[in-house]
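Below, each chain spelled out in residue letters.
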Amino acid sequence: MTYAITQTCCADATCVAVCPVNCIHPTPQERAFGSTEMLHVDPRACIDCGACADACPVDAIVPVDRLSGPQKVYAEINAAYFADVPAPEPAEDSPNFHAWDRPTFDRTLPADFRPLRIAVVGTGPAGMYTAQDLLLHTNADVTLIDRLPVTGGLVRYGVAPDHPTTKQIGDTFARFHSHPRVRMLLGLEVGEHVSAHELAEHHDAVVYAVGASGDRRLGVPGEDLAGSVPATTFVAWYNAHPDVAPDAVDLSAERVVVVGNGNVALDVARVLVTDPERLAGTDIADHALRALRDAAVREVVVLGRRGPENAACTRPELLALAQLPGVELVVDDHDPRIGSAIDSAGPHELAAVLRDVRREQVDWSQPPGAGRRIVLRFHSAPTEFVGGDDVSVRAVRVTGASGETSLSTTTVLRAIGYRGTPVPGLPFDEATGTVPHDKGRVAGLPGVYVVGWIKRGSSGGIGANRACAAETVTSLLADAVEGALPAPAHPAKAFRRLARRRAPRLVDARGMAAIDRTERLRGERDGRPRAKLATVTDLVTAARRRSVL
């Protein structure tokens with residue numbers, strides 16, 4: 001028996017580090033690492049020890065003989081990755097039975113390396129991988145800062161509620177909340193309560209892991225009409241983000257158009273047509289669950305500018321969409337290039353996933369039929385959002401093989417990517433939506449660093465932040481060894497006093513633990529993993545209650 005890596009793979013390579021026979025690839029040392037959709041287990045080399053499954057933070061690694069239903073395909077996907085790769089063999093003069101990369105030692109810290117005082121701004125995956133690296137490999141004291149009174153970032157507010165195993169990585173990060181060298185200051189916003197300069201003068205170094213909370217623009221007429229909503233808003237809405245009101249999304253349309261076909265686009269399409277009772281057992285926002293139960297949505301149209309062979313989503317997410325219970329997946333066969341690309345796709349190419357999906361030339365002049373379905377329309381890009389007399393979206397004009405087509409709808413979700421926003425006190429590149437840097441070092445600001453999407457743009461999933469954080473921490477430690485970090489101008493307690501004075505609703509680690517207990521208890525009452533608190537006031541109230549009745 002061998003193991004297989006499945007859909008929820010986060011690709012942070014924790015499994016690679018514990019594998020005793022080097023059978024998981026690509027490894028962080030290989031060129032393909034970071035560009036593949038997921039990692040893979042070589043069935044020819046796997047010895048069935050289970051170390052990778054024990055280490056996986058998102059329960060993505062499963063014995064092949066336990067795969068069932070739609071998951072069975074991952075046995076083939078893992079094996080196919082190595083189909084054209086020679087079976088691993090040790091070198092002739094090697095005492096090992098398996099091939100290994102040459103060990104590397106990227107960091108050399110002196111024995112008397114002094115404790116550093118480091119602030120990490122942002123508690124999503126990038127920030128927490130940074131904190132983890134510092135806490136496990138140095139004697140640094142870490143202050144975790146977040147503008148919201150709760151931790152999690154992308155894990156809490158970006159992962160779809162029907163992906164509970166992906167959210168489990170939050171439990172891995174949570175073990176550092178109570179670490180003896182960690183101080184947590186939640187509800188503290190840089191640029192609002194404290195300046196970047198004040199933060200820097202109280203610490204040896206500051207690492208910004210603030211993500212990319214903005215959305216990219218299409219640049220077409222009518223984009224700002226009512227009913228045209230960024231997918232970032234929709235995702236935040238169904239995940240109970242305090243910045244998005246419960247009534248921010250209107251689901252009265254029978255047909256919803258989603259612009260873009262990346263993983264976020266597929267997430268929102270899937271949530272819109274999934275049976276709400278299946279979502280009732282997740283941590284979806286209470287207001288979103290109520291709205292979905294009352295929603296009129298029966299059809300979601302997913303627009304892709306290019307063909308199916310170049311869709312922006314990953315193969316695992318497309319596979320999941322094709323296997324969604326109670327929902328029909330259809331390919332709009334309006335362009336001859338679409339069918340040709342699907343039929344000619346190799347067995348392991350993305351377009352091949354659609355080979356058994358029904359194709360039809362959809363008549364967009366007709367309303368959606370009975371039942372629920374998702375329509376994938378490739379080789380289409382919106383040219384205009386057409387408004388009605390009340391300045392709301394009434395239709396979307398899109399390109400097609402025979403010219404423009406009009407799709408009637410009152411709700412459009414723009415899922416063309418997240419974009420970083422300026423951080424007060426830091427330089428910002430408007431073209432890329434990132435902070436200019438050199439391997440994480442912020443240009444012109446000694447002791448200031450970036451990690452995650454604000455560093456590299458909105459690319460890569462949760463696990464990509466581990467390698468990104470390692471690069472930034474390596475730069476930070478190299479600067480510390482060289483004496484290039486400015487010394488703090490104030491003692492450690494001074495910043496905590498300043499934070500409490502400026503942000504009266506500050507939440508610490510004990511408060512965060514109280515929020516977690518409250519949400520889990522609320523969820524237990526309805527058979528859910530947790531019921532999220534959706535406002536800053538409710539979060540702070542729970543934090544201050546300390547005990548849950």
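Everything quoted here is computed from the prediction, not taken from an experiment. (Residues numbered from 1 in each chain as written. Predicted model: local features only at pLDDT ≥ 70, side-chain atom pairs only at ≥ 80, totals over all residues. Heavy atoms only, no water.)

What exactly am I supposed to notice about the overall build of the chain here?
Each helix and strand in the chain was counted, giving 19 helices and 23 strands. Among the 549 residues that make up the chain, the fraction classed as buried is 51%. Considering only contacts within the chain whose residues lie at least 6 apart along the sequence, 75% involve residues at least 24 apart. The distance from the centre of the 59 positive side-chain charges to the centre of the 67 negative ones in the chain is 7 Å. (Helix = DSSP H or I, 4+ residues; strand = E, 2+ residues; numbered from the N terminus. Buried < 20%, exposed > 50% of the residue type's maximum accessible area, 1.4 Å probe, protein only. Contact = heavy atoms within 4.5 Å. Lys, Arg positive; Asp, Glu negative; His and termini not counted. Charge placed at Lys NZ, Arg CZ, Asp CG, Glu CD.)

Even after reading the chapter, I still don't get the packing of aromatic side chains, so can you show me in this structure?
Two aromatic rings, taken as a pair, are described by how far apart their centres are and by the angle between their planes. Counted according to the given criterion, the structure contains 5 aromatic pairs. Judged by centre distance (5.0 Å) and plane angle (85 degrees), the ring pair of Tyr129 and Phe173 falls under edge-to-face. Taken together, the positions of Tyr129 in helix 4 (residues 125–137) and Phe173 in helix 7 (residues 169–174) put the pair 44 residues apart, joining distant regions of the chain. Note on accessibility: Tyr129 and Phe173 belong to one class, buried. Between the aromatic rings of Phe234 and Trp237, the centroid separation amounts to 5.4 Å while the plane-to-plane angle is 25 degrees, which identifies the pairing as stacked. Pair noted here: Phe234 and Trp237 are both in helix 9 (residues 231–238), with a separation of 3 residues, about one helical turn. Pairwise contacts between aromatic rings join Phe234, Trp237 and Tyr238 into one cluster. (Phe/Tyr/Trp six-rings, centres within 6.5 Å; stacked < 30°, edge-to-face > 60°.)

Looking at this structure, I do not really get the sheet that holds strand 10 (residues 228–230). What am I missing?
What holds strands together in a sheet is hydrogen bonding between their backbones, with the strands either parallel or antiparallel. Strand order in this open sheet of 7 strands is 10-19-11-12-15-13-14, and the pairing throughout is parallel. Two strands lie at the open edges of the sheet, namely strand 10 and strand 14 (358–360), each paired on one side alone. The mean angle between the axes of side-by-side strands here comes to 25 degrees, regardless of whether they run parallel or antiparallel. For strand 11 (residues 255–259) and strand 12 (residues 299–303), the ladder comprises 5 bridges, and the chain directions are parallel. Bridge pairing links Val256 to Val300 in strand 12. (Pairing = 2+ DSSP bridges. Axes fitted to C-alpha atoms, helices over the stretch in contact; angles between N-to-C directions.)

How should I be thinking about the pattern of salt bridges in this particular structure?
A pair can form between side chains of opposite charge whenever their charged atoms are brought close. Evaluation of the coordinates by the stated rule reveals 35 salt bridges. Asp224 is paired through a salt bridge with Arg217; the nearest N and O atoms lie 2.8 Å apart. Asp479 is paired through a salt bridge with Arg441; the nearest N and O atoms lie 2.9 Å apart. A residue pair is termed long-range when its members are at least 10 positions apart, and Asp479 in helix 16 (residues 464–481) and Arg441 in strand 22 (residues 441–442) qualify at 38 residues. Here Arg441 falls in the partly exposed class, since its relative accessible area comes to 25%. Linked by salt bridges that have partners in common, Arg156, Asp171, Asp516, Glu519, Arg520 and Arg530 make up one network. (Salt bridge = Lys/Arg side-chain N within 4 Å of Asp/Glu carboxyl O.)

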